[in-house]
Amino acid sequence: MKQQSRYYRCLLSLEIAALIVGVLAGILTTLFGRNLLFVSEIRTQFPYWTIPFLGLVGLLIVFLYQKFGGDSFKGMSLVFEVEHDKREKIPKQLIPLVMVTTWLTHLFGGSAGREGVAVQLGATIATTVTSFRFLKNYRKELLVIGMAAGFGGLFETPMAASFFALELLVIGKLRLHLFLPVFTAAFIASQTSHFLGLEKFSHLIRSDLPLNFLTVGKLLIAGLFFALIGKLFALSLLFIKARLTKVVPNPYVKIAIGGLILSVILLILEHGRYSGLGTNLIDASFLGGKIYAYDWILKLFLTVVTIALGFQGGEVTPLFSIGASFGVILAPLLGLPIELLAALGYVAVFASATNTILGPLLIMGEVFGFANTPYAFIVLTIVSCLQCLPSIYHLQKHSMETD
């Protein structure tokens, strides 16, 4: 009886915290997301007035982090350090720093995402509320709640956000005792950002493919390709980041010279087609626009280089665009509907690069329609077989390591 009483007191405390974190994360992710769309639009309209200065703005980004950031430059690694008991809180100065530097990265043409920022914002808010006396013993639980709130607020997919947060920190370990407060935070954040006018991407796909042996075989083949691309991204990021740091240890020199070279490449390649989030490739994939056979690999390479140089953002939206654009190219080869395979690539490459399964499965439902989740389920069975390989989060652990 006492144990049950403690459990429900804990659940009540976390539910109260989830409401607070959800509202705050929803407000912050709206501020971040709407301004990100604004600066991206400026860059799209004036690429030759913005992209050439990417290297110069990189110097400012490094200066801001070294002058005011403390450990904030570690980014998503801070989230994992809290999980691994290497720190109690995430520095509060991360919030303005990561937002401003991500806006600068996108305004001047860096190929980066936004998910990492949202998750960091939510996690920072959540670890900060441990200052309340009744929450001081729930640091790790609040961390997961904050991650879900950040993801849910930015993408407005609360179910996917819940499971993404529950499964991300330790592969193969689900903290289902946190299911209610995690979903509460993600849902409140999603509703808050929606109320405040943040856009949500969704595209309903109608497909009635029969799940016979031939279709399942084709989906398994597609899943293998998507899984390999996700791992190519993750392993390339680890390798290039380590290599650049070794060859050019000075962060100012690295980001200035690398940013200058990157800006030239971005302008030469389709006048900035591969700058920013990659939403242009996503739109083209689902709305009948032009997708080239090389779009996915160029977006992959340029995103990896952008992040490895030290520019800010995330990787998830570029991963969405890489998967969707590759799916468009793969669909005719397998004789599958283009829109469906683009959607499967959208979720499966993300799943492979992050070593998550349930979150991406629910993204398929919340973004493209739940009638399509059986197809994603089959594709993700192959992706799950590569979870022994590293993800974009180098501090992520496997449950077998923690047993």
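Preceding this paragraph is the structure being described.
In this report, the structure presented in the accompanying data block is examined. (Residues numbered from 1 in each chain as written. Predicted model: local features only at pLDDT ≥ 70, side-chain atom pairs only at ≥ 80, totals over all residues. Heavy atoms only, no water.)

This part covers the state of the cysteines. Evaluation of the coordinates by the stated rule reveals 0 disulfides. No disulfide involves Cys385; its sulfur sits 8.9 Å from the nearest other cysteine sulfur, which is in Cys388. (Disulfide = S-S within 2.5 Å.)

What follows covers the pattern of salt bridges. Charged atoms that come close allow side chains of opposite charge to pair. On inspection of all chains with the given rule, the structure shows 7 salt bridges. A salt bridge links Arg175 to Glu83; the nearest nitrogen and oxygen atoms lie 2.7 Å apart. Placement of Arg175 in the loop between strand S1 (170-171) and helix H9 (179-195) and of Glu83 in helix H4 (residues 76-83) is noted, with a sequence separation of 92 residues between them. Under the relative-accessibility criterion, Arg175 is labelled buried at 9%. (Salt bridge = Lys/Arg side-chain N within 4 Å of Asp/Glu carboxyl O. Helix = DSSP H or I, 4+ residues; strand = E, 2+ residues; numbered from the N terminus. Buried < 20%, exposed > 50% of the residue type's maximum accessible area, 1.4 Å probe, protein only.)

Right, let's talk about unusual backbone geometry for a bit. Unlike most non-glycine residues, Glu156 shows phi in positive territory, near 55°. For Glu156, the position within the fold is in the loop between helix H7 (139-155) and helix H8 (158-168). What makes Glu156 buried here is its relative accessible area of 5%. At His271, a residue that is not glycine, the phi angle is positive and equals roughly 55°. Residue position: His271 is located in the loop between helix H11 (251-268) and helix H12 (279-287). Classification of His271 by relative accessible area gives exposed; the value is 52%.

Here we come to helix H14 (residues 316-334). Counted at 1.5 Å a residue, the expected span for H14 with its 19 residues is 27 Å, and the 26 Å between its end C-alpha atoms agrees. At Val328, H14 shows its largest kink, close to 30°, and the proline Pro332 lies no more than four residues downstream. Of all 19 residues in H14, 16 are buried; the element is thus mostly enclosed. Within two residues after H14, Gly335 carries a phi angle of roughly 70°, on the positive side. (Expected span 1.5 Å × (residues − 1). Bend = angle between axes of the 7 residues up to and from the residue.)

A separate point is H8. Most of H8 is tucked away: 10 of the 11 residues are buried. Listing the buried residues of H8 in full gives Pro158, Ala160, Ala161, Ser162, Phe163, Phe164, Ala165, Leu166, Glu167 and Leu168.

Our focus in this paragraph is the packing of aromatic side chains. For the structure shown, the criterion picks out 21 aromatic pairs. A connected cluster of aromatic rings, assembled from ring pairs, spans Phe151, Phe155, Phe164, Phe201, Phe286, Phe320, Tyr346, Phe350 and Phe368. (Phe/Tyr/Trp six-rings, centres within 6.5 Å; stacked < 30°, edge-to-face > 60°.)

This part takes up the packing of H7 against H9. As a packed pair, H7 and H9 sit with axes 7 Å apart at the nearest point and diverge in direction by 30°. One element, H7, and the other, H9, form an angle in the roughly parallel class. In this structure, H7 meets H9 at a crossing whose hand is right-handed. Seen from H7, the contacting residues are Val144, Ile145, Ala148, Ala149, Gly152 and Gly153; seen from H9, they are Pro181, Val182, Ala185, Ala186, Ala189, Ser190 and Ser193. Among the residues forming the contact of H7 with H9, the class breakdown is 9 nonpolar, 4 polar and no charged. (Axes fitted to C-alpha atoms, helices over the stretch in contact; angles between N-to-C directions. Parallel < 35°, antiparallel > 145°, perpendicular 65-115°, else oblique. Left-handed = near helix turned anticlockwise from the far one by under 90°. Contact = heavy atoms within 4.5 Å. Nonpolar A, V, L, I, M, F, W, Y, C, P; charged D, E, K, R; others polar.)

Moving on to the layout of surface pockets. In this structure, the largest pocket encloses a volume near 870 Å³. Secondary structure elements with two or more residues in the lining of the largest pocket: helix H3 (54-69), H4, helix H6 (115-128), helix H10 (213-247), H11 and helix H13 (295-309). In terms of residue count, H10 provides more of the lining of the largest pocket than any other element does, 5 residues in total. Here the lining of the largest pocket is built from residues that sort into 17 nonpolar, 12 polar and 4 charged. As a volume, the second largest pocket reaches approximately 700 Å³. Sorting the residues of the lining of the second largest pocket by element identifies helix H1 (2-45), H7, H12, H14 and helix H16 (358-368) as the ones contributing at least two each. Counting residues per element, the lining of the second largest pocket draws most heavily on H1, which supplies 5 residues. Its residues placed into classes, the lining of the second largest pocket shows 14 nonpolar, 10 polar and 8 charged. (1 Å grid on protein atoms, 1.4 Å probe; cavity = no way out; pocket = protein on both sides within 12 Å on 5 of 7 lines; lining within 4 Å. Points joined across faces, edges and corners; volume = space filled by probe spheres on them.)

Examined against the element boundaries, Asn372 turns out to sit in the loop between H16 and helix H17 (373-383). Looking at Asn372, the relative accessible area reads 0%, which means it is buried. Within the local environment of Asn372, its side chain forms a polar contact with the backbone oxygen of Ile205, the two atoms lying 2.9 Å apart. Every residue in contact with Asn372, bar those within four places of it in the chain, is listed here: Ile205, Ser207, Leu340 and Met364. (Polar contact = N/O pair within 3.5 Å; in protein donor to acceptor, adjacent residues only side chain to side chain.)

Along the polypeptide, Thr30 turns up in helix H1. Ignoring any residue separated from it by four or fewer positions in sequence, one finds Thr30 in contact with Thr192, Ser193, Leu196 and Leu198.

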